[in-house]
Amino acid sequence: MTEANDTLFSKLTIDEKAELCGGKDFWHLHGVERLDLPSIMVTDGPHGLRKQPSGADHVGVLESVPATCFPTASGLAATWNVKLIEQVGAALARECLAEQVSVLLGPGANIKRHPLGGRNFEYFSEDPYLTGAMASAWIKGLQSNNVGASLKHYALNNHERGRMVCDVVVDERALREIYLPGWEMPVKETQPWTIMCAYNKFRGTYLSEHEYLLKTVLRDEFGFNGVVVTDWGANHKRVDGIKHGQSLEMPSSGTLNKDKIMSAIADGTLTEDELDESVRPVVELILKAADALDEKAQVNFDNHHALARMVAEEASVLLKNDGVLPLSSTSKVLLVGALAQNTRYQGSGSSQIVPTRLEQPLEEIRAVAEEPIAFAPGYLLSGEQDAQLIEAALSMAADAEHIIVMVGLTPEYESEGFDRDHMQLPANQLALLDALEPYHDRLVVVLQNGAPVELPFRHSVAAILEAYLGGQAGASALARLLFGLANPSGKLAETMPITCADVPSDPWFNQNPRQSQYRESVLVGYRYFETTNTATAYPFGHGLSYTEFELSDLRLSSRWQPGTMEGHFELTFTVRNIGQRAGAEAVQVYVGQQNPSVPRPTRELKAFQKVHLEPNASQEVTFVLNPRSFAFWCTHEQSWVVESDLFEISVGTSVADIRLQETIELDTGRAIGKRDAAVFAYFEPETRFADQAVFEQLLGHPVPTSLAVRPFQMNSTLLEIGATRIGRFIHKVIAQQIGKMTGGDDLDEHSRAMIQAIVNEMPIRSVVSMSEGKVSESVVRRLIHAMNGSWMKALRGAPVRCE
């Protein structure tokens with residue numbers, strides 16, 4: 001703080017400090033009028049601004065101000081272009097400033113542990129390095145224009161089912177090597193103004209009050225000095241949150257939790273110094289944000305739409321091309337698919353944007369083509385089978401030189417609040433593709449989805465273009481790519497498995513809403529597929545182009561200090577465009593240790609760069625590999641360790657397409673430790689992480705087994721208490737109230753389903769904070785006792801905790 005800010009802080013009363021620790025309403029922070037400390041506004045992102053009208057609340061189904069809708073995070077990451085993502089962040093900041101918004105809630109940095117995660121479209125990657133690099137670029141672009149980011153959802157929030165009560169069970173190596181680097185890198189490189197803590201538990205403690213993750217790791221180790229804000233409704237025990245590194249509860253809970261803070265100060269369970277440590281970042285945030293607000297800020301939405309198109313072009317991944325693409329503008333083309341008229345361009349939930357304009361693929365493709373484009377819907381977006389639509393498409397197919405079929409996941413598949421049940425495309429879309437099998441040699445499949453899907457047709461169709469959820473300008477980007485006006489350069493930021501059952505975490509994913517066991521440890525995504533030689537549909541980092549690139553002349557230069565874990569390696573090679581078109585290649589550097597003392601992935605991404613080249617042009621690329629590039633987390637020493645060993649440096653255009661390779665020997669002064677045969681056997685694909693004794697050895701403690709739904713307590717969900725008459729009544733009342741808040745009778749079917757899922761997952765303690773204390777904790781506890789009545793009788797009066 002500056003001296004002036006210190007002076008202002010010293011004038012705050014304890015009552016004012018306590019009030020500043022909570023929201024003023026749903027989207028605003030408290031100010032202090034007598035000290036000219038203003039109230040500032042935060043609002044949802046992360047792929048666009050979702051500023052709602054005054055008084056509107058939550059889940060993305062109400063109207064919000066028009067804003068540029070960029071591709072979702074799954075598409076942003078597929079660009080592998082940090083400079084472009086920084087431009088997106090800057091554009092988002094300009095739109096925030098024009099609407100007097102001080103903090104945009106994003107980006108999302110959670111790891112895509114499993115393809116079925118319902119909110120995967122909001123997250124970048126299965127890889128922590130790529131996640132951290134993308135998040136850093138997004139934040140840098142936003143905050144360099146004086147709008148704060150809120151990196152979310154910290155941490156281990158990797159699925160939707162049970163997200164408000166689930167206890168994550170994960171070993172320390174996986175925590176440090178997979179799930180935390182995506183936070184560590186942005187914190188150290190950009191210092192986000194805020195970090196949003198998640199709903200879930202870790203090691204039995206809610207993230208909103210987790211001393212180890214909030215204070216020890218985030219603040220002490222990573223050096224974070226900003227505001228830790230709760231996800232909306234994630235606060236559990238307010239005073240514990242204050243003591244353990246959390247600064248701000250959102251949204252407002254009225255005076256409920258302010259009174260708890262004041263009571264804790266009065267009885268000595270919370271000191272004023274602890275309160276000061278918590279609230280000081282909030283005051284700094286308000287002062288920083290207030291200085292940046294500009295009532296005259298304006299936005300050029302045409303420029304932002306053009307940027308959104310550029311991003312959508314680079315985000316699209318050409319998975320397969322047998323030479324059919326790009327199409328000639330004079331070709332006789334049939335376009336099939338209802339998504340061509342009603343494009344899927346974003347996910348559902350709190351990130352849902354009202355776009356400034358919205359393109360449709362059919363219109364944009366017809367605008368590019370010189371010959372008329374025939375069209376057939378082919379299927380219903382409702383998912384219902386319609387044989388007549390398929391027959392109509394078939395009757396037109398024979399006359400077409402090329403057939404473009406647009407398929408994808410409709411809104412009921414991907415949303416905040418619930419996870420997918422399977423990895424398949426809608427059955428009626430698959431039926432259409434099956435019916436078109438005689439024409440597969442001329443058929444181009446375009447995918448619109450936020451996460452991987454099974455592709456049973458991949459061997460027979462001529463081309464597959466993954467367009468992801470491409471934002472408001474995704475349709476014109478798609479048209480330009482299909483007809484060669486733009487060259488595909490996207491790369492997969494997550495593996496495309498053949499089937500869901502191939503995913504390493506699949507046997508343990510969503511098995512219990514109250515506990516999530518991360519049995520696969522560090523073998524997440526491609527780390528598993530590459531290490532176990534498990535086949536994939538398309539590997540991590542894969543993506544084709546209309547041109548070709550050659551990688552050559554790999555040179556390594558050592559700056560390592562022998563006998564220590566200090567120094568670095570410089571790695572240089574040449575990229576050349578040997579094709580006939582301008583294009584871009586995302587070159588990727590992987591590192592693998594040959595003889596580790598602990599199980600490690602065969603390859604791990606440690607550097608990348610997107611290189612744009614004209615035909616026959618070349619560029620020399622240089623990377624620096626530092627000690628962390630070679631290290632693993634030693635659980636015994638609680639630190640990063642590099643063993644003296646041989647390390648393989650692999651350079652390629654995907655994790656499976658390695659073009660250059662060299663082995664180096666590191667002398668770190670640390671011998672390779674003794675291997676534990678049982679631990680290595682645990683990671684073999686045949687055992688599939690099933691040995692609980694070894695899992696507990698990795699954890700360092702037994703797996704918690706107390707997962708009983710009954711007796712009910714304050715953290716029982718509304719779905720769980722729905723087993724009782726009183727619980728069903730409470731569920732009905734809360735659902736009705738949230739329905740009114742979010743649009744009531746105006747909601748569509750998909751929005752209703754999303755809200756129902758969110759209500760089901762809510763813990764009953766939320767009733768107290770949602771009502772701002774009007775429904776008191778004592779009333780809720782009495783209701784819980786009543787719901788437990790028949791069960792307690794069975795226990796003959798045994799005491800029940802209602803914590």
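Residues numbered from 1 in each chain as written. Predicted model: local features only at pLDDT ≥ 70, side-chain atom pairs only at ≥ 80, totals over all residues. Heavy atoms only, no water.

Novice: Is there a simple way to think about the sheet that holds strand β2 (residues 103-105) in this case?
Specialist: Strand pairing in a sheet relies on backbone hydrogen bonds. The paired strands run either parallel or antiparallel. As summarised here, the arrangement of the 5 strands in space is β1-β2-β3-β5-β8, forming an open sheet in which the pairing is parallel. A single partner strand is all that each edge strand has here, and the edge strands are β1 (42-44) and β8 (227-230). On average, each strand axis in the sheet is inclined to that of its neighbour by 30°, with strand direction left out of account. (Pairing = 2+ DSSP bridges. Helix = DSSP H or I, 4+ residues; strand = E, 2+ residues; numbered from the N terminus. Axes fitted to C-alpha atoms, helices over the stretch in contact; angles between N-to-C directions.)

Novice: Which parts of the structure should I look at to understand the confidence of the model for the protein?
Specialist: When pLDDT is low, close inspection of the predicted coordinates is not appropriate. With 96% of its residues at a pLDDT of 70 or more, the protein shows a mean pLDDT of 94. For residues 798-802, every residue scores under 50 in pLDDT, and the model assigns this stretch 15 contacts once sequence neighbours within four places are set aside. (pLDDT = per-residue confidence, 0-100. Contact = heavy atoms within 4.5 Å.)

Novice: Explanation requested: the packing of aromatic side chains in the structure shown.
Specialist: Each aromatic ring pair is described using two quantities: the centre-to-centre distance and the angle formed by the ring planes. Counted according to the given criterion, the structure contains 20 aromatic pairs. Taking the centre distance of 5.9 Å and the plane angle of 90° together, the rings of Trp 560 and Phe 630 count as edge-to-face. With a gap of 70 residues between them, Trp 560 in the loop between β16 (549-558) and β17 (569-577) and Phe 630 in the loop between β20 (618-625) and β21 (632-634) connect regions that are remote in the sequence. Among the residues examined, Trp 560 registers a relative accessible area of 9% and is labelled buried. On the basis of relative accessible area, Phe 630 is assigned to the buried category, the value being 0%. Counting every residue linked through ring pairs, the aromatic cluster contains Trp 80, Tyr 129, Tyr 526, Phe 540, Tyr 590 and Phe 608. The residue whose ring lies beneath Arg 628 is Trp 640, and the NZ or CZ to ring-centre distance is 3.8 Å. (Phe/Tyr/Trp six-rings, centres within 6.5 Å; stacked < 30°, edge-to-face > 60°. Buried < 20%, exposed > 50% of the residue type's maximum accessible area, 1.4 Å probe, protein only. Lys NZ or Arg CZ within 6 Å of the ring centre and 35° of its normal.)

Novice: Mind showing me how you'd approach the packing of helix α1 (residues 3-10) against helix α11 (residues 272-292) here?
Specialist: Packed helix pairs are specified by the crossing angle of their axes together with the interaxial distance, meaning the distance between the axes. Two elements in contact, α1 and α11, have axes whose closest approach is 11 Å; the angle formed by their N-to-C orientations is 125°. The angle between α1 and α11 places the two elements in the oblique class. As for how α1 packs across α11, the hand of that crossing is right-handed. Counting all contacts with α1, which are made through Asn 5, Asp 6, Leu 8 and Phe 9, the residues of α11 involved are Asp 276, Val 279, Arg 280, Val 283 and Leu 287. Here the residues of the contact of α1 with α11 are counted per class, giving 5 nonpolar, 1 polar and 3 charged. (Parallel < 35°, antiparallel > 145°, perpendicular 65-115°, else oblique. Left-handed = near helix turned anticlockwise from the far one by under 90°. Nonpolar A, V, L, I, M, F, W, Y, C, P; charged D, E, K, R; others polar.)

Novice: Sorry if this is basic, but what is going on with the side chain of Ser 252 here?
Specialist: Secondary-structure assignment places Ser 252 in the loop between α9 (238-243) and α10 (256-267). Judged by its relative accessible area of 11%, Ser 252 is buried. Within polar-contact distance, the side chain of Ser 252 engages the backbone oxygen of Gly 23 at 3.4 Å. Each residue touching Ser 252, except ones within four places of it in the same chain, is listed here: Gly 23, Lys 24, Asp 25, Ser 769 and Glu 772. (Polar contact = N/O pair within 3.5 Å; in protein donor to acceptor, adjacent residues only side chain to side chain.)

Novice: Please clarify how the pairing of strand β12 (residues 402-408) should be interpreted in this entry.
Specialist: Taken residue by residue, a regular strand's side chains alternate between the two faces of the sheet. The buried fraction of β12 is high, at 7 of 7 residues. Because side chains alternate across β12, one face comprises the buried residues His 402, Ile 404, Met 406 and Gly 408, and the other comprises Ile 403, Val 405 and Val 407, equally buried. Bridge count between strand β10 (residues 333-336) and β12: 4 bridges; the pairing is parallel. Its bridge partner being in β12, Val 336 is matched across the sheet by Val 405. Where β12 lies against strand β13 (residues 443-448), 6 bridges are found, and the strand directions are parallel. Considered in β13, the bridge of Gly 408 is made with Gln 448. The handedness of the β12 to β13 crossover, carried by helix α15 (residues 427-435), is right-handed. (Right-handed = clockwise from strand over helix to strand, strands pointing away.)

Novice: Can you walk me through the layout of surface pockets in this structure?
Specialist: The gaps of empty space that remain are located by a probe, the size of a water molecule, rolled over the atoms. Looking at the largest pocket, its volume works out to about 1,000 Å³. The wall of the largest pocket is formed by 35 residues, among which Tyr 129, Ala 133, Met 185, Glu 189 and Lys 606 lie closest to the centre. Those elements giving two or more residues to the lining of the largest pocket turn out to be α4 (82-98), α5 (128-143), α7 (181-190), β19 (604-613) and β20. When its residues are assigned to classes, the lining of the largest pocket shows 15 nonpolar, 8 polar and 12 charged. What the second largest pocket holds in volume is close to 750 Å³. Around the second largest pocket, the lining is made up of 37 residues, and of these Met 762, Ser 766, Ser 769, Met 770 and Ser 771 lie nearest the centre. Looking at the lining of the second largest pocket, the elements with two or more residues in it are α21 (725-741) and α23 (766-770). (1 Å grid on protein atoms, 1.4 Å probe; cavity = no way out; pocket = protein on both sides within 12 Å on 5 of 7 lines; lining within 4 Å. Points joined across faces, edges and corners; volume = space filled by probe spheres on them.)

Novice: Explain the pairing of β19 here, please?
Specialist: Counting buried positions along β19 yields 8 of 10 residues, so the element is predominantly enclosed. By the bridge criterion, 9 bridges tie strand β18 (residues 583-593) to β19 in an arrangement that is antiparallel. Bridge assignment links Gln 588 to a residue of β19, and that residue is Phe 608.

Novice: Mind showing me how you'd approach the pattern of salt bridges here?
Specialist: With the rule as written, the count across this model stands at 42 salt bridges. With a closest N to O distance of 2.5 Å, Glu 520 and Arg 113 form a salt bridge. In this pair, Glu 520 is assigned in the loop between β15 (515-517) and α17 (526-531) and Arg 113 in the loop between β2 and α5, connecting sequence segments 407 residues apart. Each member of the pair, Glu 520 as well as Arg 113, is classed as buried. (Salt bridge = Lys/Arg side-chain N within 4 Å of Asp/Glu carboxyl O.)

Novice: What should I look at first to understand the sheet that holds β13 in this one?
Specialist: Strand order in the open sheet formed by 6 strands is β9-β14-β13-β12-β10-β11, and the pairing between neighbours is mixed. Looking at strand neighbours, the two that pair on one side only are β9 (317-321) and β11 (374-376), the edges of this open sheet. Sheet twist, expressed as the average angle between the axes of neighbouring strands with direction ignored, equals 15°. Taken strand by strand, α15 contacts β10, β12 and β13, and its axis lies near 160° from that of β12.

Novice: In this structure, what is going on with helix α12 (residues 301-315)? I would like to understand it.
Specialist: Helical periodicity: at 3.6 residues per turn, an α-helix aligns residues three or four positions apart in one direction. Spanning 15 residues, α12 covers 20 Å between terminal C-alpha atoms, matching the ideal 21 Å at 1.5 Å per step. Listed as buried for α12 are His 304, His 305, Leu 307, Ala 308, Val 311, Ala 312, Glu 313, Glu 314 and Ala 315. Where the residues of α12 are buried, they touch α3 (73-78), α4, β9, β14 (463-466), α16 (474-482) and β19. Measuring from the side-chain oxygen of the N-cap residue of α12 to the backbone nitrogen of Asp 302 gives 3.1 Å; that N-cap residue is Asn 300. (Expected span 1.5 Å × (residues − 1).)

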